[in-house]
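Single-letter residue listing:
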Amino acid sequence: MVDLRDSQAWPLQERSWAVTRSKKQADVMTGQDPHRRVAQALLLTVLAYGIAIGIGWRPTQLHDPGDLATDHAAKVPGDRNHVAPLSEPADSQLMLTPHGDQANRPSDAPPSSVDPTVPPPLLFVLPFVFLLAGIAVFPLVHVTAHWWENNFHRFLVAIGCSVVTLLMYAFLARGWTRVGETMEHAIVHEYLPFIVLLFSLYTISGGIRIEGDLRASSGTNTAFLGTGALLASLIGTTGAAMLLIRPLLETNRERKHVQHTVVFFIFVSCNCGGLLLPIGDPPLFLGYLEGVDFFWTLWHLWQPWLVVNGTLLAMYFALDRWIYVPSESTANLRRDATQIRPLRVDGLWPNAWLLVLVVLCIALLDPHKAFPGTSWHAWPHLREIALCGLVAASLLLGANHVRQANRFNFSAILEVAALFVGIFVCMQPALEILNVQGPRLGIDTPTKLFAVSGILSAVLDNAPTYLVFFRATAAQFGGVAEFAELVSRTDTETATRAAEMLAGISLGAVFMGAMTYIGNGPNFMVRAIAEQTGVRMPSFFGYTFYYAIPYLGPVLILTAWLYL
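Residues numbered from 1 in each chain as written. Predicted model: local features only at pLDDT ≥ 70, side-chain atom pairs only at ≥ 80, totals over all residues. Heavy atoms only, no water.

Visitor: Help me understand the overall build of the protein in this model?
Guide: In terms of helices and strands, the protein carries 23 helices and two strands. For the protein, the proportion of its 564 residues judged to be buried stands at 56%. Looking at the protein alone, contacts between residues at least 24 apart form 81% of all its contacts between residues at least 6 apart. (Helix = DSSP H or I, 4+ residues; strand = E, 2+ residues; numbered from the N terminus. Buried < 20%, exposed > 50% of the residue type's maximum accessible area, 1.4 Å probe, protein only. Contact = heavy atoms within 4.5 Å.)

Here it is in structure tokens:
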């Protein structure tokens, strides 16, 4: 692999890229551009959905984005500590068809043979543990390191663990019917919306190029990280990360020590910066869908956002200025000071407008809520179909030379897709155990919620983890609707306590997503892009134990002490 930090390697790298660029331009002329083929496939998907809707097909939303067990658990009366109150008639909208009519179910339908109050055994969590261990260990073992670099091999491991989990459901507990329900919930209602959103932000942002090579001083790099913190809440952590990681790497290409800069970029731009608005991070968006005011995080959590991100930026500046810059060779620093090009932005049309439309699609095309000003509910999956259409528009209308200059490809998002398909299936037993046992675990203070939801968000996907603790906490305040209303008020002691509990859940889910590579989708993508450009990134354990715990850990402890 060419080390892009070595200035002697750049002429060869540029010649190689020029050859690749000429080939891609020839592919475009002959209709073989892979990006164009992806766009055509997306347009066919949109067309098929439109034709199906036009001839009268209406998909039915069987479940909301929450845990599958919650819907069944609502049928079990008499347990005030259980999550049953969260799905009573006041929240029946979660079980509506797109037109607002209650889903037709035969009154004499046989009851489920599964007791929803009994979680699966801990044995069911073993495939998930094995998958996490594989992600951490396979890159470190000489025999498997090269094999693991192939996304297809990652996919095989993820699918293998998923199959074991589903076979456990089929033969040890709940039968093939439950396997189908689990697959529908994990893949259709969780994984597909998750990966389509990341795919759309990744691809559209990849059509915008911030080009230039500034002097890689500590101040310049800190400014990049700070800009990422601001953009993360406006265009999502994925959008901000994909927009800024390439110019940050180009600015630092003359330097030898770049790893710590990318890691702090993951801390700030891929996680902690996305706290201020629901579009910033998926967990907060789920809270918005449950009824939390759109600006609640901005008004209630801006101080923790400022303290955490400000402290991380100051920590990075000091670390880079007094530890890593003095470790650079004089030749590297001289090249960095002389090889300077001002920043310029290309590809804003149409991609900047498409990013705005992505945000609007996420906010407005929620099948569980009426479109603003109307009684119409978006059809299930319409949001994902619309996002696919926006991606196709970006690939077809955007300037191809911008993506070529960005060295854009789908490798990073394919890595996320390959691994997270297994994570979403294998984590279902763990989430079901939390759904049943969570309200009985005594997690009844903001600090406890911060710690437990945060730690689990670091090893599970933070969106469903947030939702589990959101609903378990809401049960203590009378239900989801009552809890969502209470947190926006400060006129009673109960309202203040509800807001503090939600703050603990929100801070834990968002901030501790930075503790591991799997805590948030953009973490993986940034690591992959950095490694493609020659930056040697830390291993799974190296990232967590060498960077996250010693640097981010004390900042989060301080935050909990100050605000919870």
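Having put the structure on the table, let's press on.
Visitor: Would you explain the packing of aromatic side chains in this entry?
Guide: Aromatic rings considered in pairs are described by the distance between their centres and by the relative angle of their planes. Going through the model one piece at a time under the given rule, you end up with 32 aromatic pairs. Between Y288 and F294, the ring centres sit 5.4 Å apart and the planes meet at 85 degrees, which makes this aromatic pair edge-to-face. A residue is classified by how much of its surface remains accessible, and Y288, at 18% relative accessible area, is buried. Lying over the aromatic face of Y169, R178 brings its terminal NZ or CZ to 5.8 Å of the ring centre. The cationic tip of R403 hangs over the ring face of F408; the distance from NZ or CZ to the ring centre is 4.9 Å. (Phe/Tyr/Trp six-rings, centres within 6.5 Å; stacked < 30°, edge-to-face > 60°. Lys NZ or Arg CZ within 6 Å of the ring centre and 35° of its normal.)

Visitor: Hey, could you run me through helix α10 (residues 282-289) in this one?
Guide: The α-helix advances 3.6 residues per turn, and as a result positions three or four apart in sequence lie on the same side. Counting buried positions over the eight residues of α10 gives seven, a clear majority of the element. Those residues of α10 not exposed but buried are P283, L284, F285, L286, G287, Y288 and L289. Looking at the buried positions of α10, the neighbouring elements they touch are α11 (296-324), α13 (348-364), α14 (382-397), α19 (462-474) and α21 (493-511). G291 lies just past α10 and shows a positive phi near 120 degrees.

Visitor: What should I look at first to understand the nonpolar core in this one?
Guide: A general trend in soluble globular proteins is that nonpolar side chains are found buried together. One finds I135, F265, F267, L312 and V526 to be the most contacted residues of the largest nonpolar core, which totals 157 residues. No other element matches the 13 residues that helix α8 (residues 218-251) contributes to this core. If we ignore the near neighbours within four places in the chain, the residues touching F265 are L225, A240, A241, L244, I245, L248, C270 and V526. (Core = buried A, V, L, I, M, F, W, Y, C linked by side-chain atoms within 4.5 Å.)

Visitor: Quick question: what am I supposed to make of the layout of surface pockets here?
Guide: Empty pockets left among the atoms are what a rolling probe the size of a water molecule brings to light. Roughly 760 Å³ of internal volume is contained in the second largest pocket. As for the second largest pocket, its lining consists of 24 residues, of which P139, E149, R154, E531 and M537 are closest to the centre. Only α5 (142-148), α6 (151-173), α16 (411-426) and α22 (521-532) provide two or more residues apiece to the lining of the second largest pocket. Tallied by class, residues from the lining of the second largest pocket come to eleven nonpolar, six polar and seven charged. (1 Å grid on protein atoms, 1.4 Å probe; cavity = no way out; pocket = protein on both sides within 12 Å on 5 of 7 lines; lining within 4 Å. Points joined across faces, edges and corners; volume = space filled by probe spheres on them. Nonpolar A, V, L, I, M, F, W, Y, C, P; charged D, E, K, R; others polar.)

Visitor: So what exactly am I meant to see when it comes to the packing of α8 against α22 here?
Guide: Relative placement of two packed helices is described by the angle separating their axes and the distance separating the axes. Interaxial distance between α8 and α22 falls to 10 Å at its minimum, and their mutual angle equals 20 degrees. By the criterion of interaxial angle, the relationship of α8 to α22 is roughly parallel. Handedness of the crossing formed by α8 with α22: right-handed. The segment α8 lies against α22, with T237, T238, A241, M242, I245, R246 and L249 engaging P522, M525, V526, I529 and A530. For the contact of α8 with α22, the class distribution of residues is nine nonpolar, two polar and one charged. (Axes fitted to C-alpha atoms, helices over the stretch in contact; angles between N-to-C directions. Parallel < 35°, antiparallel > 145°, perpendicular 65-115°, else oblique. Left-handed = near helix turned anticlockwise from the far one by under 90°.)

Visitor: Teacher, can you tell me more about empty space enclosed by the protein here?
Guide: Enumeration over the complete set of coordinates arrives at four cavities of 30 Å³ or more. Its volume calculated, the second largest cavity comes out at about 160 Å³. If you trace the second largest cavity, you find 18 residues lining it, with L197, L201, G236, I279 and G280 closest to the centre. If you list the elements that add at least two residues to the lining of the second largest cavity, you get α7 (175-205), α8, α10 and α13. The element contributing the most residues to the lining of the second largest cavity is α8, with four residues. Residues belonging to the lining of the second largest cavity are distributed by class as follows: twelve nonpolar, five polar and one charged.

Visitor: Hey, could you run me through the environment of V179 in this one?
Guide: By the secondary structure assignment, V179 is in helix α7. A sequence separation of 13 residues divides V179 from L166, and the C-alpha atoms of the two residues are 5.9 Å apart. The contacts of V179, once residues within four sequence positions are left out, are L166, Y169 and A170.

Visitor: Please explain the pairing of strand β1 (residues 209-213) as it appears in this structure.
Guide: The buried fraction of β1 is high, at four of five residues. With four bridges joining them, β1 and strand β2 (residues 341-346) adopt antiparallel strand pairing. Residue pairing for β2: R209 is matched across the bridge by D346. (Pairing = 2+ DSSP bridges.)

Visitor: Whenever I open this one, the pattern of salt bridges confuses me. Can you help?
Guide: For side chains bearing opposite charge, pairing can occur when the charged atoms are close. The final tally for this structure, using the stated rule, is 13 salt bridges. Residues E254 and R253 are paired through a salt bridge, measuring 3.3 Å at the closest nitrogen-oxygen approach. For the pair E254 and R253, one class covers both residues: buried. Here R383 makes a salt bridge to E384, at a shortest N to O gap of 3.3 Å. Like R383, the residue E384 is buried in the burial classification. (Salt bridge = Lys/Arg side-chain N within 4 Å of Asp/Glu carboxyl O.)

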